[in-house]
Amino acid sequence: MPAPDPAGRRGLADRRGLADPEGLVAAARAGDPRALGRLVSLVENAAPELRRVMKVIAPLTGRARVLGLTGSPGVGKSTVTGALVRHLRAAGLRVGVLAVDPSSPFSGGALLGDRIRMQDHATDDQVYIRSMASRGHLGGLARATPQALRVLDAAGFDVVMIETVGVGQAEVEIASLADTALVVVAPGLGDSIQAAKAGILEIADLFVVNKSDRPGAQEVVRDLRMMLAMGSYGDDRWKPPIVSTTAATGDGIGELVESIDAHGAWLSASGQLTERRRSRARAEISAIAMAALQQRSGGMAGETRLDELASRVAGGDLDPFAAADELISG
């Protein structure tokens with residue numbers, strides 16, 4: 001038998017459900033994890049009810065601080081995320097986490113969905129952790145991440161953290177979604193070489209040198225400083241700080257939060273926060289519009305019309321530009 005729910009939140013979500021988006025959103029804002037999970041599932045599945053939900057939550061968004069964490073596999077992104085959650089909760093903040101994982105080629109689900117390193121927060125009703133399968137989407141995020149972020153924002157979370165897949169230099173999409181982008185590196189993983197390359201390191205608002213108790217950590221810090229020294233940072237540009245942490249023990253996390261707060265203050269004072277959120281909305285609108293156009297033209301993978309044109313191109317009966325014209329023209 002389930003434990004009694006004195007607030008009646010579970011009943012609210014079950015009784016009103018999808019027939020009443022306002023009720024479902026209200027239940028999520030009241031702290032009902034089932035209602036919140038249901039809303040995120042609507043986003044991931046691109047359910048028909050999603051448009052109604054988005055209309056309801058639109059006036060409720062824009063309040064949460066959005067932190068993005070990215071970096072190569074093995075640097076300890078999940079451990080840093082868990083340590084940040086612990087620190088933010090100690091400050092009384094409500095925290096949401098969207099952890100994007102590689103997709104299973106069989107089920108389509110998130111391969112690392114359990115997020116073992118963050119399980120010590122599982123019993124905290126002021127923390128919501130959701131693994132999202134990338135489902136083949138490139139850039140380190142899932143296609144539904146922007147809308148899932150909206151849901152958590154509207155649900156009243158003070159901070160929403162987005163942890164990317166961890167695929168390397170091409171994982172830069174998080175820069176367009178987060179208010180503050182943290183690039184996590186670690187000694188012994190080739191990051192000193194990567195510091196000389198374009199790509200993921202260029203999107204950082206903060207550098208986190210994790211596992212700083214290991215040999216080679218100071219060399220990573222030195223290489224990052226050399227990279228930053230090659231840039232030009234005037235009064236109107238933010239120079240990313242480098243913070244050393246050992247997230248497994250919590251060392252350096254307080255300093256990391258201070259740097260995050262400093263960047264947030266700079267964003268507000270410089271007007272960049274408004275510009276970043278406008279750019280985020282612009283990218284979100286474009287992605288939705290492109291997906292709708294693809295679907296309308298029959299250009300989605302598995303669509304009969306696209307498959308027919310693909311067969312003609314593969315057989316040499318049609319060139320790909322002419323095929324694309326036919327697909328667009330209908």
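Residues numbered from 1 in each chain as written. Predicted model: local features only at pLDDT ≥ 70, side-chain atom pairs only at ≥ 80, totals over all residues. Heavy atoms only, no water.

### Some points on the pattern of salt bridges
Applying the stated criterion across every chain yields a total of 11 salt bridges. Close ionic contact of Asp-261 with Arg-65 constitutes a salt bridge, the shortest N to O distance being 2.9 Å. Taken together, the residues Asp-261 in helix α9 (residues 253–270) and Arg-65 in strand β1 (residues 65–70) connect sequence positions 196 residues apart. On the accessibility criterion, Asp-261 (38% relative accessible area) is partly exposed. We classify Arg-65 as partly exposed; its relative accessible area is 30%. Bridged by salt links that share partners, the residues Asp-179, Arg-277 and Arg-280 form one connected network. (Salt bridge = Lys/Arg side-chain N within 4 Å of Asp/Glu carboxyl O. Helix = DSSP H or I, 4+ residues; strand = E, 2+ residues; numbered from the N terminus. Buried < 20%, exposed > 50% of the residue type's maximum accessible area, 1.4 Å probe, protein only.)

### Brief notes about the sheet that holds strand β4 (residues 159–163)
Two pairing modes exist for strands in a sheet, parallel and antiparallel, and in both the strands are linked by backbone hydrogen bonds. Pairing is parallel in the open sheet, where 7 strands are placed in the order β3-β2-β4-β1-β5-β6-β7. If you trace the sheet from one side to the other, it starts and ends with β3 (127–133) and β7 (242–244), each paired once. Ignoring strand direction, the axes of neighbouring strands in this sheet form an average angle of 20°. In the packing of helix α5 (residues 77–90) onto the sheet, the strands contacted are β1, β2 (95–101), β3, β4 and β5 (180–185), and the crossing angle to β4 comes to about 175°. (Pairing = 2+ DSSP bridges. Axes fitted to C-alpha atoms, helices over the stretch in contact; angles between N-to-C directions. Contact = heavy atoms within 4.5 Å.)

### Some details on the pairing of strand β6 (residues 206–209)
Because side chains alternate across β6, one face comprises the buried residues Leu-206 and Val-208, and the other comprises Phe-207 and Val-209, equally buried. Bridge analysis of β5 against β6 gives 4 bridges, and the strand direction is parallel. Along β6, the bridge assignment pairs Val-184 with Val-208. For β6 and β7, the ladder comprises 3 bridges, and the chain directions are parallel. Paired with Phe-207 across the two strands is Ile-242, which belongs to β7. Following the backbone out of β6, through helix α8 (residues 217–229) and into the adjacent parallel β7, one traces a crossover that is right-handed. (Right-handed = clockwise from strand over helix to strand, strands pointing away.)

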